[in-house]
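A look at the structure
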Amino acid sequence: MNSRSNTVKIAIVGGEGIGPEVTEQSHRILNWLSVRRGLPVALREAQYGLVPYLATGCPETKEVPSAARKAGSLLGLRRKYDLYANLRPIVASPVLAESAPLKAEVLDGVDFVIIRELTSGIYFGEPRGIEILPDGQRRGFNTEQYTSDQIRRVARAAFELARTRRNKVCSVDKANVLETSVVWRDEVTALHRAEFSDVELTHLYVDNAAMQIVREPRQFDVMVTGNMFGDILSDCAAMISGSLGMLPSASLGPVDEFGRRKALYEPVHGSAPDIAGRGIANPLGSILSVAMMLRLTLDRRKDADLLERAVALALERGARTADIAEPRAKTLSTVAMGDAVLATLEDISSKDEEGDQ
Ligand code: IPM
Ligand code: MG
């Protein structure tokens, strides 16, 4: 946030693969919000990833915020800004039940959030590497590790979020096998006892959690887990919302002395090189990430609700990209899905304005 005004600076980073295609639709939504709803943002496009790397031999351009300069990838960006709390909401959309791979009665009413620890664990633990053994074999190795503080701060985020929802946290680990998980479970339990005993806390082993997500996902409200377990479980849970292309995320850093925190909003899906450049990717994961930004960084709850309603209405009216289409249904391009959401935004907001008068 700019110290002299309320304008929030947003860097729009398309990245690689389908990234620029879906992000462009979010950019259009942000422009609309800025013009039609007075959203006080300064938008700036920045490149990051393979495209500038191929062009210049350097993985970012000078448009990227300077602190990100030396960070070499998405993981570097997460780490550089200490974006430790990754929120991945999992909501079943009734209109997509047809195309979802799970049964409608399993999906009905599912609404939970996975909080994935994002800056530690096996993704970043040292030592790591590939070595050649004396007999000529290669040996790859990584280190899973968590400290008390790393566990407590993400668990705190989970308990605090649960208090704003249905007041339930499920912590996921593998404490029957891994020492990191023994520490994880102990720390979550101790924090719960000390500060959050009003919240209902349960623990699941990760293998069981994977099963429960497809068996009875309604039982979950907030699920908190480490970096790699969260990566895997969130793809699994994506099937509840119909497609990985539907899933938004927010990655939040520590709160600073002014009460602000750095944040990165991105769809959960990756760069999908197999469909890149074809204009068929689903932009809704990216667009719904804008709704998370409105709520969590910009404090614009009404605009967030408006955008989520617009996405839901576009889906109700039959807008489908290929990944969420019923068999033989007509499918929209990435841009046409952006158009559909912009059209429903216009519709809903002009109706709301009439209602206000
Ligand atoms: C995710 C992705 C990333 C991860 C990849 C692209 C490095 O799968 O955000 O879930 O593993 O964290
Ligand atoms: Mg993943």
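Residues numbered from 1 in each chain as written. Chains lettered and ligands numbered in written order. Predicted model: local features only at pLDDT ≥ 70, side-chain atom pairs only at ≥ 80, totals over all residues. Heavy atoms only, no water.

Before going further, it helps to spend a moment on the confidence of the model for the chain. Segments scoring low in pLDDT should not have their predicted coordinates read at a detailed level. Here the chain averages 91 in pLDDT, while 91% of its residues score no lower than 70. Contacts for the low-pLDDT stretch residues 64-71, under 50 throughout, to residues beyond four places or in other chains number 23 contacts. (pLDDT = per-residue confidence, 0-100. Contact = heavy atoms within 4.5 Å.)

The subject of this paragraph is the side chain of Ser289. Position of Ser289 among the secondary structure elements: in helix 9 (residues 284-296). We classify Ser289 as buried; its relative accessible area is 2%. A polar atom in the side chain of Ser289 sits 3.2 Å from the backbone oxygen of Glu266. Excluding residues within four positions of it along the chain, Ser289 makes contact with Pro248, Ser249, Tyr265, Glu266 and Pro267. (Helix = DSSP H or I, 4+ residues; strand = E, 2+ residues; numbered from the N terminus. Buried < 20%, exposed > 50% of the residue type's maximum accessible area, 1.4 Å probe, protein only. Polar contact = N/O pair within 3.5 Å; in protein donor to acceptor, adjacent residues only side chain to side chain.)

In the vicinity of ligand 1, the contacting residues are Arg78, Arg88, Arg116, Tyr123 and Asp231. Taking Arg88, its side chain carries an N or O atom lying 2.7 Å from an oxygen atom of ligand 1. A distance of 2.6 Å separates an oxygen atom of ligand 1 from a polar side-chain atom of Tyr123. In isolation ligand 1 offers 320 Å² of accessible surface; the protein chains occlude 71% of this area. Taken together, the residues of the shell around ligand 1 sort by class into one nonpolar, no polar and four charged. (Near = heavy atom within 4 Å. Areas by Shrake-Rupley, 256 points an atom, 1.4 Å probe, with all protein chains shown as cover. Nonpolar A, V, L, I, M, F, W, Y, C, P; charged D, E, K, R; others polar.)

A word on the sheet that holds strand 4 (residues 111-117). Two modes of strand pairing occur in sheets, parallel and antiparallel, and in both the strands are linked by backbone hydrogen bonds. Within the open sheet, the seven strands sit side by side as 8-7-9-4-3-10-11. Their pairing is mixed. The open sheet has two edge strands, strand 8 (200-205) and strand 11 (263-267), and neither has a second partner. Looking at each pair of strands side by side, their axes are set apart by 20 degrees on average, direction ignored. Bridge count for strand 7 (residues 168-173) against strand 8 is six bridges, and the pairing is parallel. Bridging from a neighbouring strand, Ser171 pairs with His203 of strand 8. Across the sheet, helix 5 (residues 148-163) lies against strand 3 (85-91), strand 4, strand 7, strand 8 and strand 9 (222-225), angled at about 165 degrees from strand 4, the strand it touches most. (Pairing = 2+ DSSP bridges. Axes fitted to C-alpha atoms, helices over the stretch in contact; angles between N-to-C directions.)

Following the criterion strictly, the structure yields 22 salt bridges and no others. Lys174 is the salt-bridge partner of Asp207, the closest N and O atoms lying 3.2 Å from each other. A residue pair is termed long-range when its members are at least 10 positions apart, and Asp207 in helix 7 (residues 206-215) and Lys174 in the loop between strand 7 and helix 6 (179-195) qualify at 33 residues. Residue class for Asp207 comes out partly exposed when judged on its relative accessible area of 46%. Taking the relative accessible area as the measure of exposure, Lys174 reaches 18% and is therefore buried. (Salt bridge = Lys/Arg side-chain N within 4 Å of Asp/Glu carboxyl O.)

Glancing now at helix 5. Helix length check: helix 5, at 16 residues, gives a terminal C-alpha distance of 22 Å against a target of 22 Å (1.5 Å per residue), a fit within 8%. Restricting attention to buried positions, one finds in helix 5 the residues Gln150, Ile151, Val154, Ala155, Ala157, Ala158, Phe159 and Ala162. Buried residues along helix 5 sit in contact with strand 3, strand 4, strand 7, helix 6, strand 8 and strand 9. (Expected span 1.5 Å × (residues − 1).)

With that settled, the discussion passes to the nonpolar core. Within the largest apolar cluster, 61 residues are counted, with the highest numbers of intra-cluster contacts made by Ile115, Phe159, Val169, Leu284, Leu307 and Val341. The leading source of residues in this core is helix 9, at eight residues. Beyond its immediate sequence surroundings of up to four residues, Leu284 is in contact with Gly245, Met246, Val311, Leu315, Ile324, Met337 and Val341. Core analysis: the next-biggest nonpolar cluster, separate from the first, contains 23 residues, Val110, Val206, Ile213 and Phe220 among them. (Core = buried A, V, L, I, M, F, W, Y, C linked by side-chain atoms within 4.5 Å.)

On to the environment of Ile240. Locating Ile240 in the fold gives a position in the loop between helix 8 (227-238) and strand 10 (248-252). Overall, Ile240 belongs to the buried group, its relative accessible area being 1%.

What follows concerns the side chain of Ser251. Examined against the element boundaries, Ser251 turns out to sit in strand 10. For Ser251, a relative accessible area of 0% corresponds to the buried category. One polar contact links Ser251 to Asn86, side chain to side chain, over a distance of 3.1 Å. Non-local contacts of Ser251, meaning those with residues more than four positions away in its chain, are made with Leu83, Ala85, Asn86, Leu118, Lys262, Ala263, Leu264 and Glu266.

Attention shifts here to the environment of Asp256. Tracing the chain through its elements places Asp256 in the loop between strand 10 and strand 11. Within the structure, the side chain of Asp256 is placed 2.8 Å from the backbone nitrogen of Phe258, a separation counted as a polar contact.

Moving on, we get to helix 8. In this model helix 8 runs 17 Å from its N-terminal to its C-terminal C-alpha over 12 residues, within 8% of the 16 Å that 1.5 Å per residue would give. Of the residues making up helix 8, those classed as buried are Asn227, Phe229, Gly230, Leu233, Ser234, Ala237 and Ala238. The arc that holds every buried residue of helix 8, seen down its axis, measures 160 degrees, which confines them to one face. At its buried positions, helix 8 is contacted by strand 3, strand 4, strand 7, helix 6, helix 7 and strand 9. (Arc of directions from axis to C-beta.)

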